[in-house]
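# Observations on the model geometry
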Amino acid sequence: MAAQQPSDALWVSSWTPSNGEETIRKKSMTDESDASCILYCSWFCPYAQRAWIALEELGISYRYIEINPYEVDVNEPGGYTKKQLPLPQKEKLYPDFVATSPRGLVPAVDHSGRKVWESLCVVEYVDNVFGQSKLLPTDSHKRALARIWMDHAESRIQKSYYTMLMAQDPEQQKKAMTTFLAECRKFAQAMGSSGPFFLGENFSMVDIALAPFWQRILWVGKHYRNLTLPHFDKNVTEKQVDPDFQRLAQWWEAVSNRPSVKSTFVCKERLIASYSQYARNVGTSDYAKNLQSSLTSGKGKDSSMCHTSSLLAGIALGVCLGYVLAKK
């Protein structure tokens, strides 16, 4: 069994439980009769963390059930891997979970028999049922824009970050980093100016959509790829200030100190260790396989282009030589 608490055999002695581990301990003991819903979650998963943050933000009484959808490897810190278990094996280990999430992916919630899965669908559902839809704007246009930027956080920012994390080729890493920074700037420039959160004064689903990934960008990205973001330094001149990343720093300061977010932060070193297989590009999760396919096809395309260019150059050279010899 992969390490879940300090008493477990695979727990690394240098790891110190943080707010997230304490929240899991407390919520795992919630009696089902006292819980408004059951949250099927994985402590290391940023998608699951979205739903976890939402339940904390809305102050809902919930029962936390930990799901490990991956193989256990005693040779890895904590036993953690990113090697996906087959769905039938998940169903055997966690029948109630798979009955709630048909594809066997976290997060999922069971609300009195009403089952919902997919991270942002879960967030919106619990917000509608328990929060009177306070996590999205009431204005239709603003609500649509919020959804657009939630998608941007996932399909643009986090995808380019994970591409950089998993790529083993320095050129691919550099290319992904360039894309990542550009997409972060677009996100920052769309932020409201009336407060620190994405919409300004109001904490919202947009903040929840990006926060778990930003945590990993700062912690995991720094550890495995020496990722350093442009940041605001009070000692630099005004001309050197990067306004986009200054705004993102302001945003993260507010978001990371929000009690609902902070309560889901697990031990930093433990989280970093759980991503070692992604950094080595040996994970077999659905997400990892999708990115691996992208990295391989991109590399193959580059090689094919180089091969085609060389072939065309060779043909051109042959034509030129033939022309010269014919002239002679």
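Going by the structure above, here's the rest.
The present account deals with the structure reproduced in this document. Source: prediction; values computed, not measured.

Parameters at a glance
- Residues numbered from 1 in each chain as written.
- Predicted model: local features only at pLDDT ≥ 70, side-chain atom pairs only at ≥ 80, totals over all residues.
- Heavy atoms only, no water.
- Helix = DSSP H or I, 4+ residues; strand = E, 2+ residues; numbered from the N terminus.
- Buried < 20%, exposed > 50% of the residue type's maximum accessible area, 1.4 Å probe, protein only.
- Contact = heavy atoms within 4.5 Å.
- Axes fitted to C-alpha atoms, helices over the stretch in contact; angles between N-to-C directions.
- Parallel < 35°, antiparallel > 145°, perpendicular 65-115°, else oblique.
- Left-handed = near helix turned anticlockwise from the far one by under 90°.
- Nonpolar A, V, L, I, M, F, W, Y, C, P; charged D, E, K, R; others polar.
- Salt bridge = Lys/Arg side-chain N within 4 Å of Asp/Glu carboxyl O.
- Pairing = 2+ DSSP bridges.
- Expected span 1.5 Å × (residues − 1).

Moving on: the overall build of the protein. In terms of regular secondary structure, the protein is built from 13 helices and four strands. Relative to its full complement of 328 residues, the protein shows a buried share of 47%. A separation of at least 24 residues holds for 69% of the contacts in the protein among residues at least 6 apart in sequence.

A separate point is the packing of helix α7 (residues 170-189) against helix α9 (residues 243-256). The axes of two packed helices give the description: the angle between them and the distance between them. Interhelical geometry of α7 versus α9 gives an angle of 70° and a closest axis separation of 9 Å. Considering the angle they form, α7 stands roughly perpendicular to α9. Helix-helix and strand crossings are classified by hand; for α7 and α9 the assignment is left-handed. Mapping the contact onto sequence places L181, C184, R185, F187, A188 and Q189 in α7 and D244, F245, R247 and L248 in α9. Here the residues of the contact of α7 with α9 are counted per class, giving six nonpolar, one polar and three charged.

What follows concerns the pattern of salt bridges. Counted by the stated rule, this structure contains 13 salt bridges. Linking E57 and R258 is a salt bridge whose minimum nitrogen-to-oxygen distance equals 2.7 Å. Highlighted residues: E57 in helix α2 (residues 46-58) and R258 in the loop between α9 and α10 (259-262), separated in sequence by 201 residues. The buried category is assigned to E57, whose relative accessible area is 15%. The class for R258 is partly exposed, based on a relative accessible area of 24%.

Mapped onto the fold, G283 is located in the loop between α12 (276-279) and α13 (286-327). Placed 200 residues apart in sequence, G283 and K83 show a C-alpha to C-alpha distance of 5.3 Å. Once residues lying within four places of it in the same chain are set aside, the contact partners of G283 are K82, Q277, A288 and Q292.

The next thing to look at is the side chain of S42. Mapped onto the secondary structure, S42 falls in the loop between β1 (37-41) and α2. Judged by relative accessible area, which is 0%, S42 ranks as buried. Among residues more than four places away in sequence, those in contact with S42 are A48, Y64, E66, I67, P69 and V106.

Further remarks concern the pairing of strand β4 (residues 114-117). Judged from the four bridges that link them, strand β3 (residues 108-111) and β4 form a sheet pairing that is antiparallel. When the bridges of β4 are listed, A108 appears paired with W117. Between the end of β3 and the start of β4, which pair antiparallel, lie two residues, with S112 showing a positive phi angle near 55°.

Further remarks concern helix α5 (residues 119-130). Because an α-helix packs 3.6 residues into every turn, residues spaced three or four apart end up facing the same way. If you check α5, its first and last C-alpha atoms are 16 Å apart, about what twelve residues at 1.5 Å a residue would give, namely 16 Å. For α5, the elements touching its buried residues are α2, β3, β4, α6 (140-166) and α8 (205-225). Positive phi shows up at Q132, right after α5, with a value of about 55°.

A negative phi angle characterises most non-glycine residues, just as the trans form characterises most peptide bonds. Here V106 and P107 are connected by a cis peptide whose omega angle stands at 5°. Mapped onto the secondary structure, P107 falls in the loop between α4 (95-100) and β3. Here the phi dihedral of S133 falls at roughly 55°; this positive angle occurs in a residue that is not glycine. Position of S133 relative to the elements: it lies in the loop between α5 and α6. Even without being glycine, N281 reaches a positive phi, approximately 60°.

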